[in-house]
Amino acid sequence: MAVTFICKPFNALTTRELHDLLWLRELVFVVGQKITVESEIDGEDPAHDHVLGRDERGAVIATARLRFDSEPVKVGRIAVHPEQQHRGIGRSLMRAIDDLLGERAAEMHAQAHLESWYASLGWQRVGDIFLEAGIEHLRMIRSGRPG
């Protein structure tokens, strides 16, 4: 499946794009993982740029957010539509994020069960497992790379 990725600052998102990314995150995190809406809608989206992955029909099937004004860059809210998981779309999304990061270092709070998957993409665990939104997470970092 061909997926096209774009990245936009929050204020450049269309109403439809914002709706679609929030709908996808609700489907993945609130419905699928039972995270509360209060944890998901945290008020931080305006400070982030948002990656949207669209399929050939134009549907948003992957998303993530990046906070470029922090050092290291914060990466989060990585989500792939449940019907599209295990098809390489998450890996493509992470490659797109790598391209956007270029030489910059980054960090994220990754769900602990995905540690080896993120490690296969060059991310390294730092510290111990902690609970976030009732789910085991760990801090992972990506060293800066040549862009």
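Structural data are supplied above this passage.
Cut-off values and rules
- Residues numbered from 1 in each chain as written.
- Predicted model: local features only at pLDDT ≥ 70, side-chain atom pairs only at ≥ 80, totals over all residues.
- Heavy atoms only, no water.
- Salt bridge = Lys/Arg side-chain N within 4 Å of Asp/Glu carboxyl O.
- Helix = DSSP H or I, 4+ residues; strand = E, 2+ residues; numbered from the N terminus.
- Buried < 20%, exposed > 50% of the residue type's maximum accessible area, 1.4 Å probe, protein only.
- Polar contact = N/O pair within 3.5 Å; in protein donor to acceptor, adjacent residues only side chain to side chain.
- Contact = heavy atoms within 4.5 Å.
- Pairing = 2+ DSSP bridges.

Chemist: What is the right way to read the pattern of salt bridges from this model?
Modeler: Opposite charge on two side chains permits them to pair, given that their charged atoms come into close proximity. Inspection of the entire model under this criterion finds 15 salt bridges. In this structure, the salt-bridge partner of R125 is E115, at a minimum N-O distance of 3.3 Å. Of the two residues, R125 sits in strand β6 (residues 124–132) while E115 sits in helix α4 (residues 115–120), which places them 10 residues apart along the sequence. Its relative accessible area of 36% is what places R125 among the partly exposed residues. By relative accessible area, E115 is classed as partly exposed at 25%. If you follow the salt bridges from partner to partner, you end up with R25, D42, D45, R65 and R77 in one network.

Chemist: Got a minute to help me understand the side chain of Q84 in this structure?
Modeler: By secondary structure assignment, the location of Q84 is in the loop between β4 (73–80) and α3 (89–101). At 3.1 Å, the side chain of Q84 and the side chain of R87 are in polar contact. When residues no more than four places from it in sequence are discounted, the contact partners of Q84 are M1, I61 and I89.

Chemist: Please clarify how the pairing of strand β3 (residues 60–67) should be interpreted in this entry.
Modeler: Among the 8 residues that make up β3, 7 are buried, leaving the element largely enclosed by the rest of the structure. In textbook terms, the turn of a hairpin is the stretch between consecutive antiparallel strands, and for strand β2 (residues 49–54) and β3 this stretch comprises 5 residues, one of which, G58, has a positive phi near 95 degrees. Pairing of β3 with β4, which is carried by 5 bridges, proceeds in the antiparallel orientation. Within the sheet, the bridge partner assigned to T63 lies in β4 and is A79. Connecting β3 to the antiparallel partner β4 that follows it, the hairpin turn spans 5 residues.

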